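What the coordinates show
Below, each chain spelled out in residue letters.
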Amino acid sequence: VLEILSEYKAPRAEGQQPEALQRRAPSEILSENFITPTAFFFKRNHLPVPEVDPATYRLEVEGLPNGPLSLSLDELKTRFPKHTVTATLQCAGNRRSEMNSVKQFEGLDKDVTGTTYGASIPVGKALSEEGDVLLAYEMNGEELPADHGFPVRAVVPGTVGARNVKWLGRIVLSAEESASHWQQNDYKGFAPCTDWDTVDFKSAPAIQELPVQSAITQPTEGGVVERSAEEVTVKGYAWSGGGREVVRVDVSLDGGRTWQVARLRGGRWRWRRMGRGGGGGGGGAEERLPPPPPPGRAWAWKLWELTAPLPEDARELEIVCKAVDSSYNVQPDSVGPIWNLRGVLSNAWHRVRVTVSE
Ligand code: MTE
Ligand code: MO
């Protein structure tokens, strides 16, 4: 395995608790752009954001047969070829709130004061040209922002967000997985019957690739659809881990009794570039996306859309979506049987209830 460690810590007054950060864009905004503008990109930090001086920055690489390697930021940028990869990053805790409605989680994050962030990925993934793993110093064509790991982060396409280590300080080739809390005692899945008294974190593998996922971004829960419009447009996103391409998204307007196939907008489609500074406004030039990826390297999500006639007499719609990936993996229909104490891997059919106004 390759252990990837941040090793950077934000300065903190003694006794001060580390502040974790969790920020996401309103879901309607997500499906507006195939490339999420940086201002709307979700942020997930378990520890405070460190300030790293690019002038003195070093990336240490250990465990190599020919001895350790230490690289400055400049060396990283000039001694290696530059690649661009279009990939979707998904936190294992995406859609966790739907699991909360089944049973509440007990906060269990141990006191991780004093530790830095670390993770492991299989060495084959890291070294394979088809793995497309990056040491990234840019995001959306601009310098990597502090919140997203300045000056360098790992981008591990198709792999859970947690392994995409930010503020990267050290890489270790090792026979052992990282001892980090987030590799060992978090980001693992368990049966619904496993609770905090019985959980054995050693018994489950760390999450790497994520299961197939999709969600509705428009309309939103509790929204209103006008009867006079005679039709309804449903939008959302779909993605699967491990480079498996989403090949189909099914949408139901009646809670899953009948289904229609949504139009997928992946590969070559046009999107409207949002104004700089994340102004949310429209306008701007339309741009062409990179060509569709080779098989097994579908790292980016697909946006999807369905416009369908409003069912006659329906006063309420229960809109449901489910995606199918290239291995014909499907999403489970309900969250109960996949509930787990850590609140991860939440990928049941997404359901949104709206009323139809008369
Ligand atoms: N890297 C460091 N150093 N510290 C962290 O807390 N959080 C991880 C990962 N890399 C984390 C990290 C998790 S859980 C996720 S989901 C992604 O970063 C989020 O990346 P983003 O904030 O750029 O969206
Ligand atoms: Mo995460």
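Because the structure is predicted, anything quoted here is derived from the model rather than measured. (Residues numbered from 1 in each chain as written. Chains lettered and ligands numbered in written order. Predicted model: local features only at pLDDT ≥ 70, side-chain atom pairs only at ≥ 80, totals over all residues. Heavy atoms only, no water.)

Phe42, His46, His148, Arg153 and Lys166 are the nearest of the 19 residues found near ligand 1. Interatomic distance of 2.7 Å between a backbone N/O atom of His46 and an oxygen atom of ligand 1. Arg153 is positioned with one of its side-chain polar atoms (N or O) 2.7 Å from an oxygen atom of ligand 1. Bound to the protein, ligand 1 loses 100% of the 530 Å² it would expose on its own. Per-element accounting of the shell around ligand 1 gives the leading share, three residues, to strand β3 (residues 43-45). Tallied by class, the residues present in the shell around ligand 1 amount to nine nonpolar, six polar and four charged. (Near = heavy atom within 4 Å. Polar contact = N/O pair within 3.5 Å; in protein donor to acceptor, adjacent residues only side chain to side chain. Areas by Shrake-Rupley, 256 points an atom, 1.4 Å probe, with all protein chains shown as cover. Helix = DSSP H or I, 4+ residues; strand = E, 2+ residues; numbered from the N terminus. Nonpolar A, V, L, I, M, F, W, Y, C, P; charged D, E, K, R; others polar.)

Here we take up the pairing of strand β5 (residues 69-72). Successive residues of a regular strand alternate their side chains across the two faces of the sheet. Examined bridge by bridge, strand β4 (residues 58-62) and β5 share four bridges and lie antiparallel to one another. Bridge pairing links Val61 to Leu69 in β5. The turn joining β4 and β5, which pair antiparallel and follow one another in sequence, is formed by six residues; a positive phi near 90° is taken by Gly63. (Pairing = 2+ DSSP bridges.)

All right, on to the packing of aromatic side chains then. Following the criterion strictly, the structure yields six aromatic pairs and no others. Summarising the aromatic geometry, the rings of Phe41 and Phe42 are spaced 5.6 Å apart at their centres and angled 20° between planes, so their arrangement reads as stacked. Of the residues examined, Phe41 reaches a relative accessible area of 18% and is grouped as buried. A ring pair is formed by Trp259 and Trp349, whose centres lie 5.1 Å apart and whose planes are at 85°; its orientation type is edge-to-face. Of this pair, Trp259 sits in the loop between β15 (246-252) and β16 (260-261) while Trp349 sits in the loop between β21 (316-325) and β22 (350-357); the two residues are 90 residues apart in sequence, bridging distant segments of the chain. Classification of Trp259 by relative accessible area gives partly exposed; the value is 29%. One aromatic cluster is present, formed by Phe190, Trp196 and Phe201 through successive ring pairs. (Phe/Tyr/Trp six-rings, centres within 6.5 Å; stacked < 30°, edge-to-face > 60°. Buried < 20%, exposed > 50% of the residue type's maximum accessible area, 1.4 Å probe, protein only.)

The subject of this paragraph is the nonpolar core. Ranked by internal contacts, the top residues of the largest apolar core, which has 36 residues, are Ile4, Tyr57, Leu168 and Tyr187. Secondary structure elements with two or more residues in this core: β1 (2-5), β4, α2 (73-78), β6 (118-121) and β14 (231-239). If near-sequence neighbours (up to four positions away) are discounted, Tyr187 is found in contact with Arg44, His46, Cys91, Ala92, Tyr117, Ala162, Arg163, Trp182, Ala206, Ile207, Arg342 and Val344. Counting residues in hydrophobic clusters, the runner-up holds 23 residues, among them Val225, Leu310, Ala314 and Val352. (Core = buried A, V, L, I, M, F, W, Y, C linked by side-chain atoms within 4.5 Å. Contact = heavy atoms within 4.5 Å.)

Attention now goes to the sheet that holds strand β20 (residues 302-309). In space, the four strands of this open sheet follow the order β12-β14-β20-β17, with antiparallel pairing throughout. Each edge of the sheet is formed by a strand with only one pairing partner; in this case those strands are β12 (213-218) and β17 (263-265). Neighbour-to-neighbour, the strand axes of the sheet open up by a mean angle of 30°, direction not taken into account. (Axes fitted to C-alpha atoms, helices over the stretch in contact; angles between N-to-C directions.)

Take the confidence of the model for the protein next. For the protein, per-residue confidence averages 88 on the pLDDT scale, and residues scoring 70 or more make up 87% of the total. Taken as a whole, residues 105-111 scores under 50 in pLDDT and shows 14 contacts with residues more than four places along the chain or in a different chain. Residue range residues 267-287 is modelled with pLDDT below 50. Its contacts to residues more than four positions away, or to other chains, number 42 contacts. Reported confidence for the predicted complex is 1.00 by ipTM and 0.90 by pTM. (pLDDT = per-residue confidence, 0-100.)

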